[in-house]
Amino acid sequence: MVFSILVLGAPFNSQSAYSAFRFVKAALESEHTIYRVFFYQDGIHNSSAIATPPQDEFDLYQGWQNLQTQHSLDFVTCIAAAARRGLLNESEAKRHNKDNSNMAKEFDLSGLGQLVEATALSDQVITFGQ
Amino acid sequence: MSQPKIQKILIVNQSAPYSSGSAKESLDLALAAGTFEQDVSILFTGDACYQLLTAQDPKEVDSKNLNQMLKVLPIYGVEKLFIDEQSLLDRNIKHIDSDLRITKISASETRELYQNASTVFRF
Amino acid sequence: MILHTLNKAQSHTDLNQQLTNTCSNQDSVLLIEDGVYQLLDPTIFSRTDHWSFSAKNIFALTNDATARGINQADLEHSIVNISFISYLEFVELAASHTKTISWY
């Protein structure tokens, strides 16, 4: 089965992002395909490069980054939802004349068309919302 | 991998406008799906009924007029707009914007919408 | 056959009502996150106005239940049709349904 996942919640604010992470891991273990993980609304915060949970807490940000690297997954963060919430990659930061960027390299910034495409090309899209 | 198919996408709105970004971010998805020529239906239910009140003037809270923005949906090929009647009754809403061609549906028609969709997004 | 996931406790009456209105007798419901708290009140599962009345099968995510101190052994006797599953089984459950609708 080909799944795409829609993540709408930020780490810590709700458990939804963590549930999505566990689902993706389990799907990969079971040899299903994860076509794309799309981060929208507050889910964009999962793509932060600098969010720093306390040392003794689970680091979901690191979790996503490791997962992406290990499995070459397609992680897409919605560019509009990210910008309005203060998450920019290098080129967006330059484009908007901001001093810093803060997005992890494991995530691509793109539009909602990527979510629509994922919907068309996957067997199912599963949403993890708050 | 599966072959691309025209998806019957159901977008369910249940949020009031202006107090959260959900109404706007739902509309953005609807417009994207319309642009990519998917078969999109939008269901307004619960507090999303408030999106359809006339005479909104959100400039008062420095917001863009969501009601007006909904009117561009047909230009993007999104014309299947539904509102569940009970939600209107529960909220004592007697008039909704008639420029938006929205069909009032019953509980069983709502259930059918959910059953027939290939993918459901909820905002 | 739809898989519905529900992540809220019974106090979220509007959300539970929406699921009740939508769930058909071919569908399954999976309780995740705070949804598992509904299991602490078996009386709601026998009410005709609760989604459990329509759902064909009810599942709960073991990890979320154990995390919250919900004892599976107790519940398997008081609620009919409930199965506790792992994340791996969640994936298979989703794969075996035509689509998944998330209620949150």
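Whatever comes next refers back to the structure up there.
Before going into details, it helps to say that this report is about the structure given with it.

Calculation notes
Residues numbered from 1 in each chain as written. Chains lettered and ligands numbered in written order. Predicted model: local features only at pLDDT ≥ 70, side-chain atom pairs only at ≥ 80, totals over all residues. Helix = DSSP H or I, 4+ residues; strand = E, 2+ residues; numbered from the N terminus. Rg over C-alpha atoms; globule rule 2.2 N^0.38 Å. Buried ≥ 20, exposed ≤ 12 C-beta atoms within 10 Å, placed from the backbone. Arc of directions from axis to C-beta. Pairing = 2+ DSSP bridges. Axes fitted to C-alpha atoms, helices over the stretch in contact; angles between N-to-C directions. Contact = placed C-beta atoms within 7 Å. Nonpolar A, V, L, I, M, F, W, Y, C, P; charged D, E, K, R; others polar.

### Description of the overall build of chain B
Here is step 1 of the chain: When helices and strands are counted, chain B shows four helices and five strands.
Here is step 2 of the chain: Over its C-alpha atoms chain B spans a radius of gyration of 14 Å, differing by no more than 12% from the 14 Å that the globule rule assigns to 123 residues.
Here is step 3 of the chain: Considering only C-alpha atoms, chain B reaches an extent of 50 × 30 × 25 Å along its principal axes.
Here is step 4 of the chain: Across the 123 residues of chain B, 41% fall into the buried class.

### Quick notes on helix α4 (residues 107-116) of chain B
Residue and element names in this part refer to chain B.
Here is step 1 of the chain: Buried within α4 are the following residues: T110, L113 and Y114. One side of α4 carries all its buried residues, which in axial view fall inside an arc of 95 degrees. Set apart from the buried face of α4 by more than 90 degrees, the exposed residues are S108, E112 and N116.

### Overview of the pairing of strand β1 (residues 2-7) of chain A
Residue and element names in this part refer to chain A.
Here is step 1 of the chain: Taking burial as the measure, the six residues of β1 include five buried ones, the bulk of the element.
Here is step 2 of the chain: Pairing geometry for β1 and strand β2 (residues 33-39), over six bridges, is parallel. Pairing of S4 across the sheet is with R36, part of β2.
Here is step 3 of the chain: Summarising the sheet, β1 and strand β5 (residues 124-128) pair through five bridges and their orientation is parallel. The residue bridging V7 from the neighbouring strand is F128, located in β5.

### Focus: the sheet that holds strand β1 (residues 8-13) of chain B
Residues and elements named next belong to chain B.
Here is step 1 of the chain: Pairing is parallel across the open sheet formed by five strands, whose spatial order is β4-β3-β2-β1-β5. Strands at the two margins of the open sheet, each flanked by one partner only, are β4 (102-105) and β5 (119-122). Strand-to-strand twist of the sheet, defined as the mean angle between neighbouring strand axes without regard to direction, takes the value 25 degrees.
Here is step 2 of the chain: As paired strands, β1 and strand β2 (residues 39-44) are joined by six bridges and run parallel to one another.

### Concerning the sheet that holds β2(A)
All names here are of chain A.
Here is step 1 of the chain: An order of β4-β3-β2-β1-β5 is seen for the five strands of this open sheet, with the pairing classed as parallel. Lying at the two open borders of the sheet, with one neighbouring strand each, are β4 (108-110) and β5. Each adjacent strand pair in this sheet contributes to an overall mean axis angle of 25 degrees, direction not counted.
Here is step 2 of the chain: Here helix α5 (residues 113-121) sits on the sheet in contact with β1, β2, β3 (75-78), β4 and β5, set at roughly 155 degrees to β2.

### Considerations on the interface of chain A and chain C
Here is step 1 of the chain: Taken together, the contact between chain A and chain C spans 17 residues of the former and 13 residues of the latter.
Here is step 2 of the chain: The dominant element in the side of chain A that touches chain C, judged by the number of residues it contributes, is helix α1 (residues 16-29) of chain A, at seven residues.
Here is step 3 of the chain: Residue composition of the side of chain A that touches chain C, grouped by class: six nonpolar, nine polar and two charged.

By themselves, these observations are geometric and do not establish any function.
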